[in-house]
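Inside the fold
The residues making up each chain are set out below.
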Amino acid sequence: MGDAPPASASAPLPAHGPPPCRECPLRSLPGLIAPGSTQREWIEHYRAGERQVAKGDDLLRQGAPGDRLFTVLEGVLIRARLLEDGRRQVVNVMFPGDLIGLQAAFDGEMSHSVTALTDSRLCLFPRDRFMDLVTAQPRFAYDVIWLSAREEDALEQHLVAVGQRPARERVAYLALWLMERGMQTGLVRAHELHVPITQSQVADMLGLSLVHTNRTFQTLRKAGLIDWNVHRIHIPDLDRVRDWIGFDRAGLPARPYI
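Below, the structure is looked at part by part. Keep in mind that this is a model prediction, so the values were computed, not measured.

Cut-off values and rules
Throughout this document, residue positions are counted from 1 along each chain, in the order its sequence is written. Per-residue local features are limited, in this predicted model, to residues with pLDDT of at least 70; the limit for side-chain atom pairs, both in listing and counting, is 80 or more; totals at the level of whole chains, interfaces and linings are taken over all residues. Based on all heavy atoms of the structure, the side-chain values leave hydrogens and waters out of the count. Two strands form a pair only when DSSP identifies at least two bridges running between them. We count a stretch as a helix when DSSP gives it H or I for four or more residues in a row; a strand needs E for two or more, and each element gets its number in order from the N terminus. For this analysis, residues touch if any pair of their heavy atoms sits within 4.5 Å. Note on geometry: axes are C-alpha line fits, over the in-contact stretch for helices, and angles between N-to-C directions span 0 to 180 degrees. Residue exposure (1.4 Å probe, protein chains only): buried if accessible area is under 20% of the type maximum, exposed if over 50%, otherwise partly exposed. N or O atoms within 3.5 Å of each other form a polar contact, as long as, within protein, one can give a hydrogen and the other can take it, and as long as residues adjacent in sequence are counted only when both atoms are side-chain atoms.

1. A look at the sheet that holds strand β12 (residues 227–228)
Ordered in space as β10-β11-β13-β12, the 4 strands form an open sheet in which the pairing is antiparallel. Two strands lie at the open edges of the sheet, namely β10 (188–189) and β12, each paired on one side alone. Here strand β11 (residues 192–193) runs beside strand β13 (residues 233–234); their pairing, made up of 2 bridges, is antiparallel. Residue pairing for β13: L193 is matched across the bridge by I233.

As structure tokens, this is what we get:
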């Protein structure tokens, strides 16, 4: 079923529309698995264009109804949940190729917000057509399940870090995980990832006070392990940090995207 999209899907896009899927910037990234030609045709048929989000703006807002799914094409975004008293828990950082808004596919309100850390570009899919897409192409359903399983694993590792690791290891694990994701998606140059993550956001992700986070940053920098400022993360010896915290790179395999 669904060997080819409807005939109208092969019609060329208008000149003012988004670029065709064969020009997708994700296709050249080393840590991503590009869909085959048949899957690309289906994506091209079912997507509803692109969305540009400026640095600091919300893509999704907690409590709002979700009627879109997004694949990150360019940029980095942060997912967070706001508590009633104003405290915030940063849950995840989203890189190119990541699928955002999956909760909307199941008719729920958003339990979190998603905010752009950098100027970002996203491919969007309407919720009401997503079921048609995965029904017509079961491979997409498998990819969604796979991506959900990988996110669950990342959140499990995050919980272990917050619950069992001392502050230095928490910060080091987060920095290395971000660096590894950056390498997968072509954002790392000379052992540096240029993403503007503040100490406040790190504290909100790791359950540390801002003062403790600042002191931990200083300790790691003086030890020559990690130099992290508001503009970038620099890890001069990746293997040294991997060995110190027991980071398993097998936990970050190449990822499919939709």
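That shown, we press on.
2. Side note on the sheet that holds strand β7 (residues 99–100)
Strand order across the open sheet formed by 4 strands is β2-β9-β4-β7, with antiparallel pairing between neighbours. Pairing within the sheet leaves two strands with one partner each, and these edge strands are β2 (50–53) and β7. In this structure, strand β4 (residues 68–74) lies alongside β7, joined through 2 bridges in antiparallel fashion. Bridge pairing links F70 to I100 in β7. This element, helix α2 (residues 127–136), spans β4 and β9 (120–126) of the sheet and lies at about 75° to β9.

3. Quick notes on the side chain of Q184
Tracing the backbone shows Q184 in helix α4 (residues 167–184). Residue Q184 is classed as buried on the basis of its relative accessible area, which comes to 10%. Engagement of the side chain of Q184 in a polar contact is seen with the side chain of R181, the distance being 3.1 Å. Ignoring sequence-local partners within four residues, the contact set of Q184 consists of L29, P30, G31, L32, L252, P253, A254 and R255.

4. So, unusual backbone geometry
Positioned with a positive phi, A190 is a non-glycine residue whose angle comes to about 50°. With respect to the secondary-structure elements, A190 resides in the loop between β10 and β11. Judged by relative accessible area, A190 falls into the exposed class, the value being 68%. One non-glycine residue, H191, adopts positive backbone phi at about 65°.

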